[in-house]
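Observations on the model geometry
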Amino acid sequence: RGFLQAHIGLWGSAALFGIVHLGYGNWLQVAMPFIFGLAWGLLLHWSDDLAAPITSHFVYDFVALGMAWMAIACV
C-alpha cells in the first residue's frame, strides 16, 4: 500500500484493493474492500506509518474470523 498509494494515489490504491477481491463474485464483497481500502489509505496518510493500516487490517480480519467461527460453533 505504501508504494501503490505514493504512485497512484488513495483512490487508485483503494480501487485496486477492491479489484483484487473480484473473485468473491458479489458486488458488495468488492465495494466493501474498496471502502476499507479508502479508510486504511487515509489511516496511512494521517499516521504516515504503514504499521497503522497493517495493524488495523489484522484486527479486522481477526475479529471477522472470530465472529465467523463463533457463528459456526453455535450451529
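Right, let's walk through the structure included here. Not measured: the values here are computed from a predicted model.

Bringing helix H1 (residues 2–20) into the picture now. Taking 1.5 Å of rise per residue, the 19 residues of H1 would be expected to cover 27 Å, yet its terminal C-alpha atoms sit only 17 Å apart, more than 12% below that figure. Where H1 bends most, the angle comes to about 120°, and this point is Gly9. Among all positions of H1, only Gln5, Ser13, Ala14, Phe17 and Gly18 are buried. Of the surrounding secondary structure, the elements contacted by the buried residues of H1 are helix H2 (28–47) and helix H3 (51–73).

Two elements in contact, H2 and H3, have axes whose closest approach is 8 Å; the angle formed by their N-to-C orientations is 145°. Within the contact between the two elements, H2 uses Phe36, Trp40, Leu43, Leu44 and Ser47 and H3 uses Ala52, Pro53, Ser56, His57 and Tyr60. Along the lines of polarity and charge, the residues of the contact of H2 with H3 split into seven nonpolar, three polar and no charged.

Attention now goes to the environment of Met70. Mapped onto the secondary structure, Met70 falls in helix H3. Taking C-alpha positions, Met70 is 26 Å from Gly37, a pair spaced 33 residues apart along the chain.

It is generally the case that most residues other than glycine have a negative phi and that most peptide bonds are trans. Phi at Asp48 takes a positive value of approximately 55°, unusual for a residue other than glycine. Here Asp48 lies in the loop between H2 and H3.

Here we come to the environment of Trp69. Relative to the assigned elements, Trp69 resides in helix H3. Taking relative accessible area as the criterion, Trp69 reaches 57% and is therefore assigned exposed. Sequence separation between Trp69 and Ile54 is 15 residues; the distance between their C-alpha atoms is 22 Å.

Turning to the packing of aromatic side chains, a few remarks are in order. Enumeration according to the criterion identifies six aromatic pairs in this entry. With 6.1 Å between their ring centres and 70° between their planes, Trp40 and Tyr60 make a pair best called edge-to-face. Residue Trp40 is found in helix H2, and its partner Tyr60 is found in helix H3; the two are separated by 20 residues along the sequence. Since its relative accessible area comes to 7%, Trp40 is described here as buried.

Parameters at a glance
Residues numbered from 1 in each chain as written. Predicted model: local features only at pLDDT ≥ 70, side-chain atom pairs only at ≥ 80, totals over all residues. Heavy atoms only, no water. Helix = DSSP H or I, 4+ residues; strand = E, 2+ residues; numbered from the N terminus. Expected span 1.5 Å × (residues − 1). Bend = angle between axes of the 7 residues up to and from the residue. Buried < 20%, exposed > 50% of the residue type's maximum accessible area, 1.4 Å probe, protein only. Contact = heavy atoms within 4.5 Å. Axes fitted to C-alpha atoms, helices over the stretch in contact; angles between N-to-C directions. Nonpolar A, V, L, I, M, F, W, Y, C, P; charged D, E, K, R; others polar. Phe/Tyr/Trp six-rings, centres within 6.5 Å; stacked < 30°, edge-to-face > 60°.

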